[in-house]
Amino acid sequence: VQLQAFGGGLVQAGTSLRLSCVASGRTVGVYRMGWFRQAPGKEREFVAAISRTGSRTYYSDSVEGRFTISRDNPKNTVYLQMNSLKPEDTAVYYCAADGDIRPETIRTMRTYHYWGQGTQVTVSS
């Protein structure tokens, strides 16, 4: 499975941005898809994830209520709509995917086997 992320950029605080991630290859086994981010000098952290059907979504406390994850399975695409952006949202955002169906591990980075290349999001104050 190959993942390619799009949509990063430089925006002002308070505005919105939408990231997209397209999966290709043997996507039939992909169950969960998620977004993680890594700010300079910090560890990569969980942002949001979504189950195969989209019926279950998960968010970190820092983005709950501002970000929305969704997916379009016929297009093999997952989206991250980011609203009310803050300077602390500045990071490289990575999409990830895996066949693991356990909800208790969906926030755990090491349980994702497929990763995209990352897209930079910079939020200016």
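For the structure, see preceding data.
This one's a predicted model, so the numbers in the text were calculated from it and none came from an experiment.

A. Quick peek at the overall build of the protein. Looking only at helices and strands, one finds zero helices and 11 strands in the protein. A compact globule built from 125 residues would reach a C-alpha radius of gyration of about 14 Å, and the protein, at 13 Å, matches this within 12%. When the backbone C-alpha atoms are referred to their principal axes, the protein occupies close to 40 × 25 × 25 Å. Residue burial in the protein is summarised as follows: out of 125 residues, 44% are buried. Considering only contacts in the protein between residues 6 or more positions apart, those separated by 24 or more positions represent 58%. Taken as a whole, the protein presents about 6,500 Å² of accessible surface, with 48% of it coming from carbon and sulfur. Positive and negative side-chain charges in the protein, numbering 15 and 10 respectively, have mean positions lying 5 Å apart.

B. Representation of the nonpolar core in the model. By size, the foremost hydrophobic cluster in this structure holds 28 residues, and its most contacted members are Trp35, Leu80, Met82 and Tyr93. When residues of this core are traced back to their parent elements, those giving at least two are strand E1 (2-6), strand E3 (17-24), strand E4 (32-38), strand E5 (45-50), strand E7 (67-72), strand E8 (77-82), strand E9 (91-98) and strand E11 (119-124). Every residue in contact with Met82, bar those within four places of it in the chain, is listed here: Thr15, Ser16, Leu17, Leu19, Arg66, Phe67, Tyr93 and Val121. Among the nonpolar cores identified, the runner-up in size contains seven residues, and Phe46, Tyr58, Ala96 and Tyr112 belong to it.

C. Structural view of the environment of Tyr79. By the secondary structure assignment, Tyr79 is in strand E8. Take Tyr79: its relative accessible area is 14%, and that puts it in the buried class. Between the C-alpha atom of Tyr79 and that of Ala49, which follows or precedes it by 30 residues, the distance is 10 Å. If near-sequence neighbours (up to four positions away) are discounted, Tyr79 is found in contact with Arg18, Leu19, Ser20, Trp35, Thr68, Ile69, Ser70 and Asp72.

D. Region of the structure containing the pairing of E7. Only one face of E7 is covered, namely the one carrying Phe67, Ile69 and Arg71; the face carrying Thr68, Ser70 and Asp72 has none of its residues buried. Where E7 meets E8, six bridges bridge the pair, whose relative direction is antiparallel. Paired with Thr68 across the two strands is Gln81, which belongs to E8. In textbook terms, the turn of a hairpin is the stretch between consecutive antiparallel strands, and for E7 and E8 this stretch comprises four residues, one of which, Asn76, has a positive phi near 50 degrees.

E. Representation of empty space enclosed by the protein. In the structure shown here, the tally under the stated rule is one cavity of 30 Å³ or more. Grouping the amino acids of the lining of the largest cavity by side-chain chemistry returns five nonpolar, one polar and four charged.

The rules behind these values
- Residues numbered from 1 in each chain as written.
- Predicted model: local features only at pLDDT ≥ 70, side-chain atom pairs only at ≥ 80, totals over all residues.
- Heavy atoms only, no water.
- Helix = DSSP H or I, 4+ residues; strand = E, 2+ residues; numbered from the N terminus.
- Rg over C-alpha atoms; globule rule 2.2 N^0.38 Å.
- Buried < 20%, exposed > 50% of the residue type's maximum accessible area, 1.4 Å probe, protein only.
- Contact = heavy atoms within 4.5 Å.
- Areas by Shrake-Rupley, 256 points an atom, 1.4 Å probe, with all protein chains shown as cover.
- Lys, Arg positive; Asp, Glu negative; His and termini not counted.
- Charge placed at Lys NZ, Arg CZ, Asp CG, Glu CD.
- Core = buried A, V, L, I, M, F, W, Y, C linked by side-chain atoms within 4.5 Å.
- Pairing = 2+ DSSP bridges.
- 1 Å grid on protein atoms, 1.4 Å probe; cavity = no way out; pocket = protein on both sides within 12 Å on 5 of 7 lines; lining within 4 Å.
- Points joined across faces, edges and corners; volume = space filled by probe spheres on them.
- Nonpolar A, V, L, I, M, F, W, Y, C, P; charged D, E, K, R; others polar.

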